[in-house]
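Observations on chain architecture
These are the residues of each chain, in order.
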Amino acid sequence: MNVKEIVKVLQKDELFVDTNIYDLTMEVKGRPQTDNRHLSDGDIFICIKGHRFDGHSVIPAVQRTKVSLIIQQTPLNANFPAIQVTNTRKAAALVAALYHGTPTSRLKIIGVTGTNGKTTTTMLIFQALRNLNRKCGWIGTLGYYVNDIHKTTEHTTPDSMELQGILTEMVDAGCEYVVMEVSSHSLALDRVYGVPFYISMFTNLSRDHLDFHSTMSEYAKSKYLLFEYTRCNKGVMIINIDDTYGAEFYQNLKRDIASIEQGTEIAGFGGHQLKLENDQCILKSLSFVKGDYWIKESASDLDGSRFILHTQNVNYLVKSPLIGTFNILNLALTVALLDQLQIPPLTIETLIPTLNSVPGRLQKVPNDRGISVYIDYAHTPDALDNVLQSLAKLKNRRLLCLFGAGGDRDKGKRAEMLTITLAFADAVIVTDDNPRFENPNQIIVDIISETDIWAPWWIIRNRQVAIESIINLAQEGDIVLIAGKGHEKYQEIEGVKHCFDDYQVAEEALNRKPDSDHRLVLPVDKLMLEILLGDHIRTSYPVENIKAQHYTHISTDSRSIGKDSIFFAIRGQNYDGHDYLSQAMKYDTNIAVVENDRHCEYNSIVTENTVLALGKLCRKYLQMFPAYRIALTGSTGKTSTKEFLANILSNHAPTLKTDKNENNIIGLCKTIQRIKPRDQYAVFEIGTNQFGEIGQLADIASPHCGIILNVGPSHLEAFGDEDGVYWEKTALFRRKLDKMIYCGDDERFRVFSSHGIPVGLSPDCKYRVHEINRQERGISFKVNDQNYQIPCNMEFYALNASFAIVTATELGVDHQTISQALKIPLELDLRMKLVESEQGTIIIDCYNANPVSMQKAIEYFFDLNPSAPHVAILGDMLELGDTAVPYHKMIGSMLSDKTEHTLITVGNLSTYYHSQNGNDYQLHFNDVDALIESDILKDMPFDAVILLKASHGIHLEKAVPHINLGGH
């Protein structure tokens, strides 16, 4: 080409300003270039002013090379051949087209723009044309296709130089059509300037790329350029008028075409809304006035989509394996495009079912675990809203989502993305996307900045670990969405693209058996820990110094700690975990949570109270699991009721329960760490010995259902009296609960009657317990009209079992399942344990003691085999405060009414069990060791019934091995 041809092209579009070249016939044989680093002899250098670099700044250096021509916006220098223009970007597009012989003149170019749906819609159109044996090219996010040959590009829409080369390649391959994604960047930066679009389509517009466009108005203006180019070419425009911006585009274009243009066509697509009917997504038409195409009705499920696309002349019956309401729009736009190309309706209807999903666009990852796993490119609030809304309407069980946000991009959308995700997903993992040059910690802090800390989101920055974790969290019937990167096969960090493929990682995770050891299902990311505990978050350091550290174990015991553990340095009555930090931190992959910063030599986080910090972490962790959570408390009967209930629920579905009597914060946290995604129920026993503890435990357990069995005189050193115990226990009810189940025989609980469920002996109770009878094989009783039996001889267990029965009934467990589970014997260490032999019977109840439990134990003791000798070995009831003496005297008075028994006491307060008139004070011992040394236990009566009952601090259980019945 020569200079005259270049000038003529520039003049036609009113870009030409001046030239210092007098001989316009001068030939230019080199390529047009915008990057001075790629210049060769004879090339044309076009100076582009970019965001980071202005090509005009290197004009002096370029003039010293052997390029043939410079095109610039600045005034000309007479010493070097140059052309001055008003806009070098547009000039570059025109000169590139001229250099390649204007390939667009031999192609029918179809352009699709919009925030979401571009890739899917263009790929569906491309597939359809290829299936119709049309030679076709495609250009977009996935690179480009020349017929069936795939190649890669840097941008969604290549720059004008690369674009014209690709179009030439397509012409040479005989292509008739080219289908292009047209991005807002390419329009704003004039990459497609001068391209004569044959058909253009608009999908939608929502927040994205505001780091580049600044405002939504600027973003919309860029999109609108595509339709101005199409109008200039007298092409066809299909606009989604259900979108606010689309409706505005349509009205403006319709007005301009009517007054100015001849031959240009515009079609409105829309006039419908989404409704949910019968658990299926239904599209119903609202108005047929504006749209030339509209969806008459549709349905979508996990097997695919079905709809009717209505036009003025034809109703297209469309079926597709693609799922989701947003894909219905993409498919409908594809049908509309084929309709504009005058493809026969029957051919279109036959063609659509053959079109496959696009890589990275709701792409399903096959597996044999019954989990629906999808990879999707959704990385904007609107895209996440569309895909999650569609999946939420299809889910059988839970919807889980993983996403992140790209660095060096629009920061304003980050928090909105999590808000939208939590509106549909049951649990969310926030992870790294492409941090680029931005600190990844800061990106995640931005994402979670406007969200409740106790909402079900969890941070795992390492994207591979995050994908593996969300798949481990999923169960059969769940849907998992892995969003943000879609087709991308890299992760960009500090300008370096590391190989990474969401699909491949998910596929490998699905084929791998879950770890069988005691690792946490969800590892704890260091950033997650810092945010929870309010520690300084590392957002100011360079990216390369921010490692995505995570931990797979939680420990409070330095003796058994392993690698990748969080060690909580707990201060106890007899130990201080801070003294064992060196042992706990023997692995450099561990981290410590400590209460002061004097341990700064270790990888540590400082917090005010390590016990409460542990509780915070476990509370947050628990939110990610689907189990229905039940918290139960009471002065007596907690453990037995918990065991009854856990047996029933385990007979119905996988159930987690508190181990043994671990009912304080540390014990509750140990239980939570054992939770598995398969658990449908979690039964937490919670206890207290100080004000505020029930509230703390209930906060951690976050129960759906709360149970208060009873209120009695226990731990009165802390609570003062029963009213104090009542206030402390009812903290469980002072929160939002799905169900409140309480003792209906206690008048104090009437304040909860409007929304609670009373259980008890009273006829006024919703669930009345009656007809309690001791039988040969246990206790029989009724709850309302249903008969039940438990393999226990203690009648008071009937009431404990009844609370379990009521809870299970309220949760929909059937009577047969409940009855079968109640037959399972309880294994309660040191709690009313009955040891029977031919020599006699020993009742061991040494775990706890308060006036109520002591009274019940003594009543059972005397009712058991009344004709046999009875020996009561009783110790102190601890933690009764100022009421200790009166309550011990009360038990003594109860014992004085009984005859024919031997009373042996241990401790300080138990002397009050002996009455002034009859019992032998010589049978009192200051501690259990003195009792054992006395040899009195070696000569217990034959066939005796022996009761050992005291608070655990007395340690009466030590006496059991020394009891010798009848000299045996």
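All residue numbers refer to positions counted from 1 along the written sequence of the respective chain. Whole-chain, interface and lining totals are the exception, using all residues; otherwise, since this is a predicted model, local features are given only for residues with pLDDT of at least 70 and side-chain atom pairs are given and counted only at 80 or more. Hydrogens are left out, water is left out, and the side-chain values use all remaining heavy atoms of the structure.

Note on conventions: DSSP H or I runs of at least 4 residues are helices, E runs of at least 2 residues are strands, and numbering of each starts at the N terminus. Of regular secondary structure, the protein chain possesses 29 helices and 47 strands. A radius of gyration in this sense is built from C-alpha atoms; the matching globule rule multiplies 2.2 Å by the number of residues raised to 0.38. For a compact globule of 968 residues, the expected C-alpha radius of gyration is about 30 Å, and the protein chain comes in at 38 Å, more than 25% above that figure. Considered along the principal axes of its C-alpha atoms, the protein chain spans approximately 135 × 65 × 45 Å. A simple rule labels every residue: compare its accessible area, found with a 1.4 Å probe on the protein chains alone, to the largest value its type can have, and call it buried under 20%, exposed over 50%, or partly exposed in between. The burial tally for the protein chain puts 57% of its 968 residues in the buried class. Contact criterion: two residues are considered in contact whenever any of their non-hydrogen atoms come within 4.5 Å of each other. The contacts in the protein chain between residues at least 6 apart in sequence include a share of 66% that link residues at least 24 apart. For the protein chain, the accessible area works out to roughly 40500 Å², and carbon and sulfur atoms hold 46% of it. Here Asp and Glu are counted as negative and Lys and Arg as positive; His is not counted, and neither are the chain ends. Lysine's charge is taken at NZ, arginine's at CZ, aspartate's at CG and glutamate's at CD. When the 94 basic and 119 acidic side-chain charges of the protein chain are each reduced to a single mean position, those positions are 6 Å apart. Accessible surface area values rest on a Shrake-Rupley calculation with a 1.4 Å probe, where residue burial reflects the displayed protein chains alone.

Mapped onto the fold, Ile891 is located in helix H28 (residues 884-896). Among all residues touching Ile891, those that are not within four sequence positions of it are Pro851, Met854, Gln855, Ile858, Met877 and Tyr913.

What follows deals with the confidence of the model for the protein chain. Atom-level detail of predicted coordinates should not be read off regions where pLDDT is low. The predictor attaches a confidence to each residue, called pLDDT, with possible values from 0 through 100. For the protein chain, per-residue confidence averages 90 on the pLDDT scale, and residues scoring 70 or more make up 94% of the total. Here residues 272-290 is a poorly scored stretch, pLDDT under 50, and it has 51 contacts once near neighbours within four places are set aside; other chains count.

It is a general feature of regular strands that their side chains alternate between the two faces of the sheet. Here strand E38 (residues 757-760) pairs with strand E39 (residues 767-775) via two bridges, running parallel. Across the sheet, Gly760 pairs through a bridge with Arg768, a residue of E39. The pairing of E39 with strand E40 (residues 778-783) spans five bridges and is classified as antiparallel. By the bridge assignment for E40, Arg774 is matched with Ile779. Strand pairing is assigned whenever DSSP identifies at least 2 bridges connecting the two strands. The turn linking E39 back onto E40 is made up of two residues.

Time to look at unusual backbone geometry. With a phi angle near 55 degrees, Glu14 is a residue other than glycine that sits in the positive phi range. The phi angle at Glu879 is positive, at roughly 60 degrees, despite the residue not being glycine. Its place among the elements puts Glu879 in the loop between strand E44 (870-875) and H28.

Bringing the sheet that holds strand E41 (residues 786-790) into the picture now. Taking strand neighbours across the sheet as the criterion, the nine strands line up as E34-E35-E33-E36-E37-E38-E39-E40-E41 in an open arrangement whose pairing is mixed. Both outer strands of the open sheet, strand E34 (655-657) and E41, are each paired with one neighbouring strand and no more. Strand after strand, the sheet turns through a mean of 20 degrees between neighbouring axes, direction not considered. Orientation is described by axes fitted as lines to C-alpha atoms, over the contacting stretch for helices, and by angles from 0 to 180 degrees between their N-to-C directions.

Each packed pair of helices is defined by two parameters, the angle between the axes and the distance between the axes. Between helix H19 (residues 610-622) and helix H22 (residues 693-701), the least distance of the axes is 7 Å, while the angle of their chain directions is 35 degrees. Where H19 approaches H22, its residues Leu612, Gly615, Arg619 and Leu622 are matched on the opposing element by Gln696, Asp699, Ile700 and Ala701. The residue makeup of the contact of H19 with H22, split by class, is four nonpolar, two polar and two charged. Residues are grouped as follows: Ala, Val, Leu, Ile, Met, Phe, Trp, Tyr, Cys and Pro are nonpolar; Asp, Glu, Lys and Arg are charged; all remaining types, including Gly, are polar.

Note on placement: Arg463 falls in helix H15 (residues 463-473). For Arg463, the side chain forms a polar contact with the side chain of Asp502, separated by 2.8 Å. When neighbours within four sequence positions are excluded, Arg463 is seen to be in contact with Leu402, Thr431, Asp432, Asp433, Ile482, Ala483, Lys485, Gln491, Phe500 and Asp502. Here a polar contact is recorded for every N or O atom pair within 3.5 Å, except that within protein the pair must consist of a potential hydrogen donor and a potential acceptor, and residues adjacent in sequence are included only if both atoms are side-chain atoms.

Looking now at the packing of H19 against helix H21 (residues 665-673). In contact at an axis separation of 9 Å, H19 and H21 are set at 30 degrees when each is read in the N-to-C sense. Here H19 lies roughly parallel to H21, going by the angle between them. Here H19 runs over H21; the crossing is left-handed. On H21, the residues touching Val611, Leu612, Leu614, Gly615, Cys618, Tyr621 and Leu622 of H19 are Ile665, Cys669, Ile672 and Gln673. The residue makeup of the contact of H19 with H21, split by class, is nine nonpolar, two polar and no charged. Any angle that is under 35 degrees is reported as roughly parallel, and any over 145 degrees as roughly antiparallel; angles of 65 to 115 degrees are reported as roughly perpendicular and all others as oblique. Each crossing is labelled by how the near helix is turned from the far one, with a counterclockwise turn of less than a right angle marking it left-handed and a clockwise turn marking it right-handed.

Let us now look at the pattern of salt bridges. By definition here, a salt bridge exists when the distance from a side-chain nitrogen of Lys or Arg to a carboxyl oxygen of Asp or Glu is within 4 Å. Taken as a whole, this structure holds 35 salt bridges when the rule is applied. The salt bridge partner of Glu169 is Lys151, with a shortest N-O separation of 2.4 Å. Taken together, the residues span a long stretch of sequence, with Glu169 in helix H5 (residues 160-172) and Lys151 in strand E9 (residues 149-151) at a distance of 18 residues. Put simply, Glu492 and Arg436 hold a salt bridge, and the shortest N to O gap is 3.8 Å. Of the two residues, Glu492 sits in strand E25 (residues 490-493) while Arg436 sits in the loop between strand E22 (427-430) and helix H14 (440-448), which places them 56 residues apart along the sequence.

Before going further, it helps to examine the packing of aromatic side chains. Pairing of aromatic side chains requires ring centres within 6.5 Å, counting the rings of Phe and Tyr and the six-membered ring of Trp. Pairs whose planes differ by under 30 degrees are stacked, by over 60 edge-to-face, and all others tilted. For the structure shown, the criterion picks out 19 aromatic pairs. On the numbers, 6.3 Å between centres and 45 degrees between planes, the contact of Phe749 with Phe752 is tilted. The pair formed by Phe749 and Phe752 is uniform in burial state, with each residue classed as buried. Site record: aromatic cluster; members linked through ring pairs are Tyr726, Phe733, Tyr742, Phe749 and Phe752. For a Lys NZ or an Arg CZ to count as sitting over a ring, it must be within 6 Å of the ring centre and within 35 degrees of the ring normal. Just above the ring of Trp454 sits the side chain of Arg619; from NZ or CZ to the centre is 3.9 Å. It is Arg734 that lies over the ring of Trp727; its NZ or CZ is 3.7 Å from the centre.

One full turn of an α-helix is made of 3.6 residues, so residues set three or four places apart face in the same direction. Considered for burial, the residues of helix H13 (residues 414-424) that qualify are Arg414, Ala415, Met417, Leu418, Ile420, Thr421 and Leu422. Of the surrounding secondary structure, the elements contacted by the buried residues of H13 are helix H12 (381-392), strand E21 (399-403), E22, H14 and strand E23 (457-459).

Time to look at the sheet that holds strand E11 (residues 197-202). Pairing is mixed across the open sheet formed by eight strands, whose spatial order is E9-E8-E7-E10-E6-E11-E12-E13. Pairing within the sheet leaves two strands with one partner each, and these edge strands are E9 and strand E13 (265-269). Here the average twist between neighbouring strands, direction ignored, is 15 degrees. Pairing of E11 with strand E12 (residues 236-240) involves four bridges; the strand directions are parallel.

Attention now moves to the pairing of strand E37 (residues 739-743). Most of E37 sits inside the fold, with five of its five residues counted as buried. Where E37 and E38 come together, three bridges link them in parallel fashion. The residue bridging Ile741 from the neighbouring strand is Ile757, located in E38.

Between the first and last C-alpha of H12 there are 16 Å, a value that for 12 residues agrees with the 16 Å anticipated at 1.5 Å per step. For H12, every residue scored as buried is listed here: Pro381, Ala383, Leu384, Val387, Leu388, Ser390 and Leu391. Buried-residue contacts for H12 involve helix H10 (325-340), strand E20 (372-376), E21, H13 and strand E24 (479-483). How far a helix is expected to stretch is found by multiplying one less than its residue total by 1.5 Å.

Another aspect to go through is the environment of Gly324. Structurally, Gly324 can be placed in the loop between strand E18 (315-320) and H10. Gly324 sits 241 residues away from Ile83 along the chain, and the two C-alpha atoms are 53 Å apart. Not counting the four nearest positions on each side in its chain, Gly324 is found in contact with Ser300, Ser305 and Ser390.

Examined against the element boundaries, Leu632 turns out to sit in strand E33 (residues 628-633). Overall, Leu632 belongs to the buried group, its relative accessible area being 0%. For the pair formed by Leu632 and Gly687, sequence separation is 55 residues and the distance between their alpha carbons is 8.6 Å. If we skip the residues at most four places from it in the chain, Leu632 touches Lys638, Thr641, Lys642, Val683, Phe684, Glu685, Ile686, Ile707 and Leu709.

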